[in-house]
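Structural features, examined
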Amino acid sequence: MRRHFHHGARAVSGFWFYFACGLFELTTGTRLRVRLDPAVRKGERAVVIANHHCHLDWYPMLCLLARVDQVDHARIVLKDSLKRVPIFGWGFQCFMYIFLARRRDHDLDWISTVLSYLTLQEEPTTLLIFPEGTDFSPENSEKCLAFTSERGLRPYTHVLHPRGKGLHAILQNAGKFDALYDCTLSYQYFLEGEVPAARTIREWKQSLTDISFNGHTAMNGVGMIVRNSGQPTGLV
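Presented here is a report on the structure given in the accompanying data block. Only a predicted model underlies this, so the values are computations on that prediction, with no experimental measurement involved. (Residues numbered from 1 in each chain as written. Predicted model: local features only at pLDDT ≥ 70, side-chain atom pairs only at ≥ 80, totals over all residues. Heavy atoms only, no water.)

Further remarks concern unusual backbone geometry. In the Ramachandran plot, D69 falls in the positive-phi region, its phi being about 55° despite a non-glycine side chain. In this model, I87 sits at a positive phi of 65°, which is unusual for a non-glycine residue.

Once that is clear, we can look at the packing of aromatic side chains. Under the counting rule described, the total for this entry stands at 5 aromatic pairs. Where F24 meets Y59, the ring centres are 5.2 Å apart and the plane angle is 15°; that geometry is what we call stacked. A residue pair is termed long-range when its members are at least 10 positions apart, and F24 in helix α1 (residues 2–28) and Y59 in helix α2 (residues 58–67) qualify at 35 residues. Judged by its relative accessible area of 39%, Y59 falls in the partly exposed class. (Phe/Tyr/Trp six-rings, centres within 6.5 Å; stacked < 30°, edge-to-face > 60°. Helix = DSSP H or I, 4+ residues; strand = E, 2+ residues; numbered from the N terminus. Buried < 20%, exposed > 50% of the residue type's maximum accessible area, 1.4 Å probe, protein only.)

Bringing the pairing of strand β5 (residues 126–129) into the picture now. Residues of β5 alternate between two faces, with T126 and L128 on one and L127 and I129 on the opposite face, all of them buried. With 3 bridges connecting them, strand β2 (residues 46–50) and β5 associate as parallel partners. In the sheet register, V48 faces β5, and the bridge partner there is L128. Pairing between strand β3 (residues 74–79) and β5: 3 bridges, direction parallel. When the bridges of β5 are listed, I76 appears paired with L128. (Pairing = 2+ DSSP bridges.)

An α-helical segment advances 3.6 residues per turn. Residues three or four places apart therefore align on the same side. α2 sits mainly inside the fold: 7 of its 10 residues count as buried. Just downstream of α2 lies D69, where phi reads positive at about 55°.

Along the chain, the position of E123 falls in the loop between α4 (104–120) and β5. Only 3.0 Å separates the side chain of E123 from the side chain of R10, close enough to count as a polar contact. Once you skip the residues sitting within four places of it in the chain, E123 turns out to touch H6, H7, R10, R75 and L118. (Polar contact = N/O pair within 3.5 Å; in protein donor to acceptor, adjacent residues only side chain to side chain. Contact = heavy atoms within 4.5 Å.)

Take the pattern of salt bridges next. One pass over the structure, following the stated rule, counts 7 salt bridges. Here D178 and R45 are joined by a salt bridge, their closest N and O atoms 3.1 Å apart. Remark: R45 occurs in the loop between β1 (31–36) and β2 and D178 occurs in the loop between α6 (164–171) and β6 (179–187); sequence separation between them is 133 residues. You can call R45 partly exposed: its relative accessible area is 27%. Ionic contacts of the salt-bridge type, sharing partners, join the residues R10, R75 and E123 into one network. (Salt bridge = Lys/Arg side-chain N within 4 Å of Asp/Glu carboxyl O.)

This part covers the nonpolar core. One finds V48, M61, Y97, Y181, C183 and I201 to be the most contacted residues of the largest nonpolar core, which totals 33 residues. Of all the secondary structure elements, the ones that give two or more residues to this core are α1, β2, α2, β3 and β6. Per-element accounting of this core gives the leading share, 6 residues, to α2. Once you skip the residues sitting within four places of it in the chain, M61 turns out to touch V48, A50, L128, F130, C183, L185 and I201. Ranked by size, the runner-up nonpolar core spans 18 residues in total, among them M96, I111, A169 and I170. (Core = buried A, V, L, I, M, F, W, Y, C linked by side-chain atoms within 4.5 Å.)

Written out as structure tokens, the structure reads:
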């Protein structure tokens, strides 16, 4: 019975996302330029990471997943407060999104629980996560610079310092996924309140077998998890 429910929820989710992606591209007039790694295969189960420039980042990322036939089984890592949003929050829970309360022990256990449950129900999953945890606003940038300065960490110019524990917990479940997609989102310059005229997504595929999962070194295997520029090699 549960499997039938999840299959139905996945079908509804896929229909909604394909509709929303098409509507977004048709009505906003935004040109979406995608540069895919040739190794990407349609229908894969992937962990998808990307920089988080603004609140609109969800839409181009979902459009990207639609292009590689993964949007129907896409699940998103969200802040816990979003599950209480009327109507949409209920839908997110039905689609088995992962909600994080930013309480470390609780979140790490919950990630493992949800991924194990989806595997038990034979549900294919592509998981989208923004490791920065929030968008790159001036206020968040100031908080991040204060955080990195206080702890002696290296500051970044165009991204926030990533929250690595959640991604580490996800990557420890590597057997449930086929690959890691490392994406860089960049925008044509636009003013606050405007919709950008063009967006570019660069996507690189990395084998999960090439990533170390030992403590903090998990981040070392992800070559471009944080970026200092819009270029794909801009880690430093």
